Amino acid sequence: MTSLSGLLPTFSKENGRLFISGQLWKVLSPSFSTGACRGVKTVAAEEATLPDLDHVDADAEDQDTSAEAERIQKIRDISGLRPNHRNIVHRVCPTEEKVLPHHYTTYYNKRMFGRYGYASGVNPGLCWPTQEQLAEIKEYERVAYPYSIMEVAKRELEKEEAEKERILSRDAEVADKYQKMLKLKEEFLKRKVKEKEEAEAAKAFKNRLIEEVRLHFNYTINERDERFRLEVKERAKQLREKEKLEKKTLKKEKQAVDKAAKFEIQKKQLLAEEERKAAVKST
Amino acid sequence: MASHRGYEKALSMLRTLPRVSLYNVAPTPNFVKKSKRGRGQHGGDTHGAGNKGALARQSYTRTGFEMGNNPYYLRFPNEPYYIGQHLRRQYPPLSLGQLQLMIDTDRINPKKPIDLVQICNTGLYKINVSGLHYGVHLTDDGADNFKAKVNIEVQWASEPVIAAIERNGGTITTAFYDPRCLHALTKAKKFLESGEPIPKRMIPPEDAIKAYTDPKFRGYLADPDKISWERLVLAQKYGYTLPKIEEDPDHEMLTARKDPRQIFFGLEPGWVINLVDRIILKPTDPELKEYYKG
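Procedures and definitions
Residues numbered from 1 in each chain as written. Chains lettered and ligands numbered in written order. Predicted model: local features only at pLDDT ≥ 70, side-chain atom pairs only at ≥ 80, totals over all residues. Heavy atoms only, no water. Core = buried A, V, L, I, M, F, W, Y, C linked by side-chain atoms within 4.5 Å. Buried < 20%, exposed > 50% of the residue type's maximum accessible area, 1.4 Å probe, protein only. Helix = DSSP H or I, 4+ residues; strand = E, 2+ residues; numbered from the N terminus. Contact = heavy atoms within 4.5 Å. Patch = residues over 30% accessible without salt bridge, like charges linked within 9 Å, V, L, I, M, F, W, Y side chains within 5 Å. Areas by Shrake-Rupley, 256 points an atom, 1.4 Å probe, with all protein chains shown as cover. Salt bridge = Lys/Arg side-chain N within 4 Å of Asp/Glu carboxyl O. Lys, Arg positive; Asp, Glu negative; His and termini not counted. Charge placed at Lys NZ, Arg CZ, Asp CG, Glu CD. Polar contact = N/O pair within 3.5 Å; in protein donor to acceptor, adjacent residues only side chain to side chain. Nonpolar A, V, L, I, M, F, W, Y, C, P; charged D, E, K, R; others polar. pLDDT = per-residue confidence, 0-100. Expected span 1.5 Å × (residues − 1). Phe/Tyr/Trp six-rings, centres within 6.5 Å; stacked < 30°, edge-to-face > 60°. Lys NZ or Arg CZ within 6 Å of the ring centre and 35° of its normal.

### Brief notes about the nonpolar core
Next up, step 1: Judged by nonpolar contacts, the single largest core of 59 residues is most densely connected at L96, L99, L138, I152, I165, I172 and F264 of chain B.
Next up, step 2: Those elements giving two or more residues to this core turn out to be α4 (96-104), α5 (116-121), β3 (151-154), α6 (159-167), α7 (179-186), α8 (188-193), α9 (206-212) and α10 (224-238) of chain B.
Next up, step 3: Ranked by residue count, the leading element in this core is α6 of chain B, at five residues.
Next up, step 4: Each residue touching F264 of chain B, except ones within four places of it in the same chain, is listed here: V117, A184, L185, A188, F191, I198 and K258 of chain B.
Next up, step 5: C93 and Y108 of chain A together with L288 and Y291 of chain B belong to the second largest nonpolar core, which has 14 residues in total.

Okay, structure coming up:
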C-alpha cells in the first residue's frame, strides 16, 4: 500500500503544487504562471524556510518583527483572494483607487461611510439629500400625501357617515313604500272580491234569463237560435228597465220620506218658537 | 423445559422460535390486502373495463370536462373576491404561542419594548416588503398559555390577542409603517450600514386610518385616554382584573411609545447612525431639520 501511494500523484491544495513520487510538478494554471493572483503565496512557499528567530540581531528586531509577521501572514493566507476582496471580507476599508464610474456616485460613497465610518475618508454630509433632492422629495410627498392625519381621518369619517346616511335614507324610503304597498294590496284584494261578486251576479242574471226564456219556449228552441237570442235581449232590456223604474220609485220614496222628515223638523221648530214667543208674552 | 414460571417458559419458547423477519410478522390490525390484477381466467380478459371505447382504453376525460360543452367550472369566469388582490396589504401571521417561545428561548427580551425590529432580528420571522407584506399580524394561537408581560408593537391584532396581552399586565399598540420604513425595520443592520438617514414614517393610507385611530384596536394614532378606557372595557368583557401598569416597576418600559413619525425606539428620523465609529450624526441644516420633524 505504501509503495502504491508513493506512486500516485498527490495534490497539495495549500501551495498549488503536484508531487509525483517525491518530485515537484508545477500545476499549469494561468494564475500560477503569472503570479498575479494566486501565485503570491506560492512564491512565498518556495522560500518558506523560516529563519531561526533566536539568532536575529537585537538592533533590527523591532523593524524585522513587523516585516516578519507580515511575511508570515502572507504565507498563512491561503484564501486566494485579491487584497481588496480580502479587505471587504475582513471589514477593512478597501484602499482601491477610484477608477470606476460608480466609485464617484453618492450612493457608493454613502455606503462606504455607512460600512467603514470615518476610515473611508467620506464626508458624512453626503448622507443627507441636497437642496434640490429635498425639494423633489417634498414635492413628491406633497402629491402623494396631500392631507394630514387629522384631515384623512376626518375625510374617512365623513365618507362613513355619508354611507350610513345613504343606507338609512334608503331604509326609510323602503319602509314608506312598504306601508303604501300594504294599503294598495288591501285595496287590490277588495277590488278583486268585488269584481268576482259582480261577475258571479252577472252570470247568475244571464243564467236566469236563459232559464226563463227556455221555459218560455218550452225547451223547443236551441240556445243559438236567432229568436232565442232576441228573446233574451228583449227580456234583459225589460228587466233593466224594470230595475231602473224600481230604482226611481225607491229614490222618489226616499225623497218623500226625507221631505216628510224635514217638514216634521221644521214644524217642531216652528212650534217651539211659537211656544217661546207665547212664554215671552205671558211674562 | 416446562416450568411454572411464565418468563422462563417465554424465554425457552424464544430460544426455539425463529428470528422475527418479514416472513413471520402478522399484518397490522387495519391491514387490507390489495387485490391484484388477475391474468387470464383469474379476472383477466378486459379486467372489468368493458369492451371497446374510452373505458376499455382507460382514456378517461379530465374532471369537469363536458364533452365539448363550455364546462361548468369555466362557465362563470367571475371571482369578485380577488378584485384588487394584488394591491391588498398582507400581514403575515405570528402566533402568541410563537412569541412566547421566542421569549422563553431568549430570542426576544421582554424587558424592553418589542417591535418589528426585535421580531425580525430573531431570524424566525420574515416579511417580504416588496411582496406587499406590511408587518406582523399577531394571532391568538396559544393565547391561553401566553404568560409574558410585554410592551409589544405589531401591525395587526385581534381582540382576544389584545386581551391576552393586557391580562398579563402588558401593553400592545398597532402601528402602521410604510414600505420604506419596513425595509429599514426588517433589515435594521443592513439599513444602518447603508449610510442613509433614518426615514420619517409616512401616514397610513385612507383605508387603514380608521383602524389605526381606533382605541379598541389600540391604534398608535388613537387618543391615549380613550385607550385606557377601552383597556378597562375589554377587561370587563373578558372577565379579568386589569393589572395597574401605573404601579408596575416596569411602568416606564410598558408605556414607551414611538412618535407617529419615528420608526426606531430612541432614534429620531433624520439621524445617521454609524455602527463602526459608534456615533450618531444629526442634521444641522434648518431646512432638513424641519423636513424630518413634520
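### As for a negative patch on the surface
Residue and element names in this part refer to chain A.
Next up, step 1: Side chains of E195, E197, E198 and E200 sit close together on the surface and give a patch of like negative charge.
Next up, step 2: Along the chain, E197 falls in helix α8 (residues 149-217).
Next up, step 3: Residue E197 is classed as partly exposed on the basis of its relative accessible area of 49%.

### A look at the interface of chain B and chain A
Next up, step 1: Tallying the contact residues gives 27 residues for chain B and 28 residues for chain A.
Next up, step 2: There are eight salt bridges connecting chain B and chain A.
Next up, step 3: Applying the counting rule to chain B against chain A returns ten residue pairs in polar contact (both at pLDDT 80 or more).
Next up, step 4: If you list the elements that add at least two residues to the side of chain B that touches chain A, you get α8, α9, β6 (272-274), β7 (279-281) and α12 (286-293) of chain B.
Next up, step 5: At four residues, α12 of chain B tops the list of elements feeding residues into the side of chain B that touches chain A.
Next up, step 6: Considered class by class, the residues forming the side of chain B that touches chain A number 14 nonpolar, four polar and nine charged.

### Some details on a nonpolar patch on the surface
Residue and element names in this part refer to chain B.
Next up, step 1: A contiguous nonpolar patch, built from Y7, L11, M13, L14 and L17 and spanning about 520 Å² of accessible area, is present on the exposed surface.
Next up, step 2: Position of L14 among the secondary structure elements: in helix α1 (residues 6-16).
Next up, step 3: Using a relative accessible area of 57% as the deciding quantity, one classes L14 as exposed.

### Things to note about the pattern of salt bridges
All names here are of chain A.
Next up, step 1: With the rule as written, the count across this model stands at 30 salt bridges over all chains.
Next up, step 2: The partner of E173 in a salt bridge is R170, and the shortest N-O contact between them spans 3.4 Å. In this pair, E173 and R170 both sit in helix α8, three residues apart, roughly one turn of the helix.
Next up, step 3: Taking the relative accessible area as the measure of exposure, R170 reaches 44% and is therefore partly exposed.
Next up, step 4: For R214, the salt bridge is made with E211, and the minimal N-O distance between the two is 3.5 Å. One end of the pair, R214, and the other, E211, are both in helix α8, three residues apart, so they sit about a helical turn from each other.
Next up, step 5: Its relative accessible area of 23% is what places R214 among the partly exposed residues.
Next up, step 6: Taking the relative accessible area as the measure of exposure, E211 reaches 36% and is therefore partly exposed.

### Quick notes on the confidence of the model for chain A
All names here are of chain A.
Next up, step 1: With 78% of its residues at a pLDDT of 70 or more, chain A shows a mean pLDDT of 81.
Next up, step 2: Mean pLDDT across the secondary structure elements of chain A bottoms out at helix α2 (residues 30-34), with 39, and peaks at helix α7 (residues 131-144), with 96.
Next up, step 3: Low pLDDT (under 50) marks residues 1-51, which in the prediction has 54 contacts with non-local residues, meaning those over four places away or in another chain.

### Topic: α10 of chain B
All names here are of chain B.
Next up, step 1: For α10, spanning 15 residues, the distance from its first C-alpha to its last is 21 Å, which sits close to the expected 21 Å at 1.5 Å a residue.
Next up, step 2: Buried residues along α10 sit in contact with α6 and β5 (171-174).
Next up, step 3: Residue G239 follows α10 closely and has a positive phi angle near 75°.

### A look at the packing of aromatic side chains
All names here are of chain B.
Next up, step 1: Under the counting rule described, the total for this entry stands at 13 aromatic pairs over all chains.
Next up, step 2: Seen in terms of ring centroids, Y291 and Y292 are 5.0 Å apart; in terms of plane orientation they differ by 65°. Their pairing is edge-to-face.
Next up, step 3: Y291 sits in the buried class, given a relative accessible area of 8%.
Next up, step 4: Among the aromatic residues, those joined into a ring-pair cluster are Y91, Y134, W156, F176, Y212, F217 and Y220.
Next up, step 5: The aromatic ring of F265 is capped on one face by K258, whose charged end is 4.9 Å from the ring centroid.

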